[in-house]
Amino acid sequence: MKIKETMLLLFLALVLSSVLAAGAQTCAADLEAKCGGGFSDGWEGEFFPGIPKIKYEGPSSKNPLSYKWYNAEEEILGKKMKDWMRFSVAFWHTFRGSGADPFGAATKSWPWEDGTNSVAMAKRRMRAHFEFMEKLGVDRWCFHDRDIAPDGKTLEETNANLDEVVALAKELQKGTKIKPLWGTAQLFLHPRYMHGAATSSEVGVYAYAAAQVKKAMEVTHYLGGENYVFWGGREGYQSLLNTDMERELDHMARFLQAAADYKKKIGFNGTLLLEPKPQEPTKHQYDWDAATTFAFLQKYGLIGDFKLNIECNHATLSGHSCHHELETARINGLLGNIDANTGDPQIGWDTDQFLTDIAEGTLVMSSVVRNGGLAPGGFNFDAKLRRESTDVEDMFIAHISGMDTLARGLRNVEKLIQDGYLAELVRKRYQSFDSEIGALIEAGKGDFETLEKKAMEWGEPSVPSGKQELAEMIFQSVL
């Protein structure tokens, strides 16, 4: 009897150990997989089983799934790199980007997608998103409301869909440092917004947009979001012949003021951000560039309620460099967040590519350093894989490359500050204003009569070289 009992116990132990082993294993990201531990949405196993947690390995590493320049805990110029950067994953491009373009159908077919726009699919996608962030080592994300949850037949049903997905996101955030860098409402895709949202000629659309922003702001606040973004892709005009521009601008200002009021009402302490763009999809958008948006905010008394979310690709579309837009925002106290992407100079539209140019990354970081950082804003990768990049690991490689580019830029800024040559060149260029008369001018006391006397006393001024080539040489030496 004892032998039989012992054999039975050994058999049960063997069965139990194999069950535990099966539960601990991972399997490919596949809807057909039959590993244990599936979720209520029908998913089984890991979403990225072949991808390890991305680690810093230094510039000499040849491992594409490692950081060469971004070392999160390393201190540069008095702050940890992670605190300078505050990186964020953009949900829409990373998990909703299909590879489709105006001339071709979708090319991306991620293993976890089932081809539906259901709430169950949205929840599965959210789980994949959190696994992606955990492996990438990024603890912020940003989203459009309609990208994380599908539209319903009514606004009430749509809100219920969003609540269900947001509840899952809240659960997945629990016990982690993960939270949204910002949220926003998608006020450009649906046909109701074809004439704009806050600038629509239809009051019903204006009201619907207000309800959508109200809800999006609430869920951003609920998830611990640090900012809220307004991108007015349809806030503009196609033709002035059928447009009352003054009335539309007034309406947009009233809409933004109502948003600022509601933010205070619900106790949301996040920064409200406007994202300038000159055109696309609208022929002319009212927040053309940083300077135009600054003037709008000043006119309508909204300075203090809003800052700017500068996107590098939008800067070039408006005829500026990203550095110019960042500096325009910075010197006016409006630099709040950066959409880290770039465009292709041979292509005339918003291509949303990951930023990989070291020189541009260095210029971007020089503005961030001069701004003292971006908190509570940060960098979000409003960038997408190329249409031809279709491997799951490409999602990681693209983000690693973008993060390393900006990290390398930060290291280059540190070199420029330490050697001081470029700063000294700029100081010397303006040193004549360090004189007594220069100080009077900068204090607003340089009246024309006094300046005329000085001009007659000094005679023809001597104008020194601007030393542009030397400045460029110094800059290039740190890249």
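The structure displayed is predicted, hence computed values, not measured ones.

S.K.: Run through the layout of surface pockets, naming residues and quoting values.
M.R.: Its boundaries defined by the atoms lining it, the second largest pocket holds a volume of some 820 Å³. Around the second largest pocket, the lining comprises 21 residues; the ones closest to its centre are His 323, Arg 370, Leu 422, Ala 423 and Val 426. Sorting the residues of the lining of the second largest pocket by element identifies α12 (358–370), α13 (392–419), α14 (421–429) and α17 (468–477) as the ones contributing at least two each. When its residues are assigned to classes, the lining of the second largest pocket shows 12 nonpolar, 6 polar and 3 charged.

S.K.: Describe in detail the environment of Met 365, supporting the description with residues and values.
M.R.: Counting through the fold element by element, Met 365 comes out in helix α12. What makes Met 365 buried here is its relative accessible area of 0%. If we skip the residues at most four places from it in the chain, Met 365 touches Met 85, Phe 379, Leu 406, Gly 409, Leu 410 and Val 413.

S.K.: Tell me what's going on with the state of the cysteines, and back it up with residues and numbers.
M.R.: On inspection of all chains with the given rule, the structure shows 1 disulfide. Covalent S-S linkage joins Cys 312 and Cys 322, the inter-sulfur distance amounting to 2.2 Å. Residues Cys 312 and Cys 322 share a disulfide whose torsion about the S-S bond is about -50 degrees; that sign makes it left-handed. Residue Cys 312 is found in helix α10 (residues 312–317), and its partner Cys 322 is found in helix α11 (residues 322–331); the two are separated by 10 residues along the sequence. Residue classification places Cys 322 among the buried positions, given a relative accessible area of 2%. No disulfide involves Cys 142; its nearest neighbouring cysteine sulfur is the one of Cys 312, lying 14 Å away.

S.K.: How would you sum up the nonpolar core? Please name residues and give values.
M.R.: Core analysis: the biggest nonpolar cluster contains 104 residues, and Met 85, Trp 112, Trp 141, Phe 230 and Phe 379 have the highest contact counts within it. A total of 10 residues in this core trace back to one element, the largest contributor, which is α13. Core analysis: the next-biggest nonpolar cluster, separate from the first, contains 7 residues, Trp 92, Cys 142, Trp 182 and Leu 273 among them.

S.K.: Give me the packing of aromatic side chains: which residues, what numbers.
M.R.: A complete count under the given rule lists 24 aromatic pairs for this structure. Here Phe 95 and Trp 112 contribute two aromatic rings whose centre-to-centre distance is 6.1 Å and whose plane-to-plane angle is 45 degrees, an arrangement assigned as tilted. Taken together, the residues Phe 95 in helix α3 (residues 91–96) and Trp 112 in the loop between α3 and α4 (119–136) connect sequence positions 17 residues apart. With respect to burial, Phe 95 and Trp 112 carry one shared label: buried. Residues Phe 188 and Trp 231 carry aromatic rings whose centres are separated by 4.9 Å and whose planes lie at 75 degrees to one another, so their mutual orientation is edge-to-face. Of the two residues, Phe 188 is situated in the loop between β7 (179–184) and α7 (203–222) and Trp 231 in the loop between β8 (227–230) and β9 (236–237); the sequence distance between them amounts to 43 residues. Among the residues examined, Phe 188 registers a relative accessible area of 18% and is labelled buried.

S.K.: Before we move on, can you summarise unusual backbone geometry with the specific residues and values?
M.R.: Omega for the bond connecting Glu 280 with Pro 281 falls within 30 degrees of zero, at 5 degrees, which places this linkage in the cis form. For Arg 86, which is not glycine, the phi dihedral falls at a positive 50 degrees. Within the secondary structure, Arg 86 sits in the loop between α2 (81–85) and β5 (87–90). For Arg 86, a relative accessible area of 9% gives the class buried. With a phi angle near 50 degrees, Asp 352 is a residue other than glycine that sits in the positive phi range. Relative to the elements of secondary structure, Asp 352 occurs in the loop between β13 (335–339) and α12. On the basis of relative accessible area, Asp 352 is assigned to the buried category, the value being 8%.

S.K.: Lay out the pairing of β8 with the relevant residues and their values.
M.R.: Every second residue of β8 is oriented toward a common face, with Asn 227 and Val 229 on one face and Tyr 228 and Phe 230 on the other, all of them buried. With 4 bridges joining them, β8 and strand β10 (residues 271–274) adopt parallel strand pairing. Paired with Asn 227 across the two strands is Thr 271, which belongs to β10.

Conventions adopted
Residues numbered from 1 in each chain as written. Predicted model: local features only at pLDDT ≥ 70, side-chain atom pairs only at ≥ 80, totals over all residues. Heavy atoms only, no water. 1 Å grid on protein atoms, 1.4 Å probe; cavity = no way out; pocket = protein on both sides within 12 Å on 5 of 7 lines; lining within 4 Å. Points joined across faces, edges and corners; volume = space filled by probe spheres on them. Helix = DSSP H or I, 4+ residues; strand = E, 2+ residues; numbered from the N terminus. Nonpolar A, V, L, I, M, F, W, Y, C, P; charged D, E, K, R; others polar. Buried < 20%, exposed > 50% of the residue type's maximum accessible area, 1.4 Å probe, protein only. Contact = heavy atoms within 4.5 Å. Disulfide = S-S within 2.5 Å. Core = buried A, V, L, I, M, F, W, Y, C linked by side-chain atoms within 4.5 Å. Phe/Tyr/Trp six-rings, centres within 6.5 Å; stacked < 30°, edge-to-face > 60°. Pairing = 2+ DSSP bridges.

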